[in-house]
Amino acid sequence: MSIFITLIQIFDTLFNSFGFIIEAIISPSQYQNMKKHIVIVGGGFAGINLVKSLVNDKRFRITLVDKNNYHFFPPLIYQVATSFIQASNISYPFRKMFANDKNVSYHMGDFLKVVPEENFIETDTGIITYDYLVMALGTESNFFGMENVQKCALPMKTIDEALYLRNYMLLTLEEAARNHDIKEAQKLQNVVIAGGGPTGVELAGMLAEMGRHIAEKEYPEIKLGLSNLYLIDALPTLLSPMSKMAQETAYKKLEKLGVKIILNVSVKDYVDNKVILSDGKSIETETLIWTSGVIGREVKGIPEESIGKGRRLLVDAYNKVNGTQNIYALGDIALQLTEEKYPKGHPQLAQVAIQHAKNLGENFKRMDKNQELKAFKYNDKGSMAIISKFNAVVDLPKFSFKGFPAWLTWLFIHIIPLVGFGSKIRLAFNWLRLFITNNPSIRLVLQPKKNTGTNTQRSKK
């Protein structure tokens, strides 16, 4: 170990001379008595819940690595993108979260690769050694190899993307309000959402409601008769993983709100502000929102044979990555094929990530005591989606329901998990007030930039 530390110090000196900083995290004095260093890459549901399961346990020293300095709550990110709630309502800084946890530290850095043979990872801000490595990186948008779509469509997986989408749509509305050419105005006012899963359905419902209650009042210059909101999915139903009741309810409610639903058709390209569909038709629009699929984030250094479908990491029943000795994967990026009930792997849901984390936390403690490990088994607690104002669908293991009771259930379930995200009661009341009055006041175009004396034009990514 001392030889390895010396090598790290030598490399540190060499790289510093070229302006590159390597941070070797070796046990600080206050942690010298702690046995194992667990490095967790990714501060989503899986990463945070694993930290919680091991917090203040003197047997372990934990380092959480994330390129952002905050945890956020993805189920409500579409409400940030539609200017309904502030990003701060669903985000919380890691350092504040762990301020009182003696065995937890945070390292801000973008993961680059892992070197399993030498037990360290490399980030863009330093090198970190580990005893156990836990990959909880999650997923990113999957554009299925379509370069134009990847370049020009608007994804909504991160806070940055949600804020960009919010600014983009507000600026597009302002442009439409100034435009007097009917064909051009329609192109500006058309919105296409690719993906009919829960995110696509919830986003379509929110945009349809806001179009009816806000656009008409605040954008009198816009001829709303030219506006069209499309929801497109390659599958024959919306909300395909949910019950038939949920699928039919979503279709009817969105259709009633004026959403043009196109099923059994996929997006094939996006050229010259035209969405090209698999049936040969096209839709002119400057706004293509992408919620159509995800793929695991790339983990360089992991053996090729340990990477499965969707770029997910193949793991055993204890979440250990196949072909490795001390590397684990949790949440959306983990693909476990050992549970009989889920032969193709578990669904990429928050509940899976949370249960993964809790089970692995217990297994780390069992390892320390040389006890038998507990195989992971997923407990399906159901799924839900909000469709429109006071309307939602909920699928529980033994029954399903819809309407206002489902909407209240959705609200309750999505507020309770916001531990540490300010006052949950205040957030709940503000959210309810805005939802009832249709009057959120945060439709602000905020584009922080250094003043260079020139104007920045609106542009797609």
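For the structure, check the block above.
What this report covers is the structure whose coordinates are included nearby. (Residues numbered from 1 in each chain as written. Predicted model: local features only at pLDDT ≥ 70, side-chain atom pairs only at ≥ 80, totals over all residues. Heavy atoms only, no water.)

### Quick look at the overall build of the protein chain
To keep it simple, the criterion reads: Segments assigned H or I by DSSP are reported as helices when at least four residues long, segments assigned E as strands when at least two residues long, and all are numbered from the N terminus. Here's how the labels work: a residue is buried when its accessible area is under 20% of the maximum for its type, exposed when over 50%, partly exposed in between, all with a 1.4 Å probe on protein chains only. The contact criterion used throughout is that any non-hydrogen atoms of two residues lie within 4.5 Å. Accessible surface area values rest on a Shrake-Rupley calculation with a 1.4 Å probe, where residue burial reflects the displayed protein chains alone.
From N to C terminus, the protein chain includes 12 helices and 25 strands. Burial statistics for the protein chain: of 461 residues in total, 49% are counted as buried. For the protein chain, contacts bridging at least 24 residues in sequence account for 66% of all contacts bridging at least 6. Counting only carbon and sulfur atoms, one obtains 53% of the accessible surface of the protein chain, whose full area is about 23,100 Å².

### Quick word on the sheet that holds strand β24 (residues 391-395)
The test is simple: Two strands qualify as a pair provided that DSSP identifies no fewer than 2 bridges between them. To define axes, lines are fitted to C-alpha atoms, for helices over the stretch in contact only, and angles between the resulting N-to-C directions are given on a 0 to 180 degree scale.
The three strands are arranged β23-β24-β25 in an open sheet whose pairing can be described as antiparallel. Since the sheet does not close on itself, it has two edges, and those belong to β23 (383-388) and β25 (400-403), each with one partner. If you compare each strand with its neighbour and ignore which way they point, the axes differ by 10° on average. By the bridge criterion, four bridges tie β24 to β25 in an arrangement that is antiparallel. Within β25, the position partnered with V393 by the bridge is K402. Along the sheet, helix α9 (residues 244-256) makes contact with β23, β24 and β25, crossing β24 at roughly 170°.

### Looking at helix α10 (residues 350-368)
Put simply, the rule reads: Here the expected length of a helix is defined as 1.5 Å per residue gap, with one fewer gap than residues.
When the terminal C-alpha atoms of α10 are compared, their 28 Å separation across 19 residues agrees well with the 27 Å that a helix rising 1.5 Å per residue should span. Of all the positions in α10, only V352, A353, I354, Q355, H356, A357, N359, L360, G361, N363, F364 and K365 are classed as buried. For α10, the elements touching its buried residues are β1 (36-41), α2 (45-54), β2 (60-66), β9 (132-135), β21 (327-329) and β22 (334-336).

### Observations regarding the pattern of salt bridges
The test is simple: Here, a salt bridge means any Lys or Arg side-chain nitrogen found within 4 Å of an Asp or Glu carboxyl oxygen.
The full count for this structure, using the stated rule, is eight salt bridges. The salt bridge partner of R59 is D57, with a shortest N-O separation of 2.7 Å. On the basis of relative accessibility, which here comes to 13%, the residue D57 falls in the buried class. Its salt-bridge partner being K365, residue E362 comes within 3.7 Å of it at the nearest N-O pair. Pair noted here: E362 and K365 are both in helix α10, with a separation of three residues, about one helical turn.

### Remarks on the packing of α2 against α10
Condition: Crossing chirality is assigned from the near helix's rotation relative to the far helix, an anticlockwise turn below a right angle marking it left-handed and a clockwise turn marking it right-handed.
For the pair α2 and α10, interaxial distance at closest approach is 8 Å and the crossing angle is 35°. Seen from above, α2 lies across α10 with right-handed handedness. Mapping the contact onto sequence places F45, A46, N49, L50, S53 and L54 in α2 and A350, A353, I354, A357, K358, L360, G361, F364 and K365 in α10.

### Overview of the packing of aromatic side chains
Which entries qualify depends on this criterion: Stacked, edge-to-face and tilted are the three classes for Phe, Tyr and Trp ring pairs, Trp counted by its six-membered ring, which pair at centre distances within 6.5 Å; planes under 30 degrees apart are stacked, over 60 edge-to-face, the rest tilted.
Under the criterion given, the structure shown has 14 aromatic pairs. Ring geometry for F390 versus W407: centroids 4.9 Å apart, planes at 75°, classification edge-to-face. Here F390 is found in the loop between β23 and β24, whereas its partner W407 is found in helix α11 (residues 404-415), with 17 residues between them in sequence. Accessibility expressed as a relative area gives 27% for F390, which makes it partly exposed. Of the aromatic side chains, those joined through ring pairs into one cluster are F60, Y132, Y328 and F364.

### Comments concerning the sheet that holds β1
An order of β5-β2-β1-β9-β21 is seen for the five strands of this open sheet, with the pairing classed as parallel. Every interior strand has two partners, whereas the edge strands, β5 (104-108) and β21, have only one. Neighbour-to-neighbour, the strand axes of the sheet open up by a mean angle of 20°, direction not taken into account. Summarising the sheet, β1 and β2 pair through six bridges and their orientation is parallel. Note on β2: the bridge partner recorded for V41 is V65.

### Structural notes on the environment of D395
We count it as follows: Contacts described as polar in this section are N or O atom pairs within 3.5 Å, which, within protein, must combine one atom able to donate a hydrogen with one able to accept it, while residues neighboring in sequence count only if both atoms come from side chains.
The residue D395 is located in strand β24 in this model. Separated by 11 residues in the primary sequence, D395 and A406 have C-alpha atoms spaced 9.3 Å apart. Ignoring anything within four residues of it in the chain, the contact list for D395 reads M242, S243, M245, A246, G382, S383 and S400. Of the polar contacts made by the side chain of D395, one reaches the backbone nitrogen of S243; its length is 2.6 Å.

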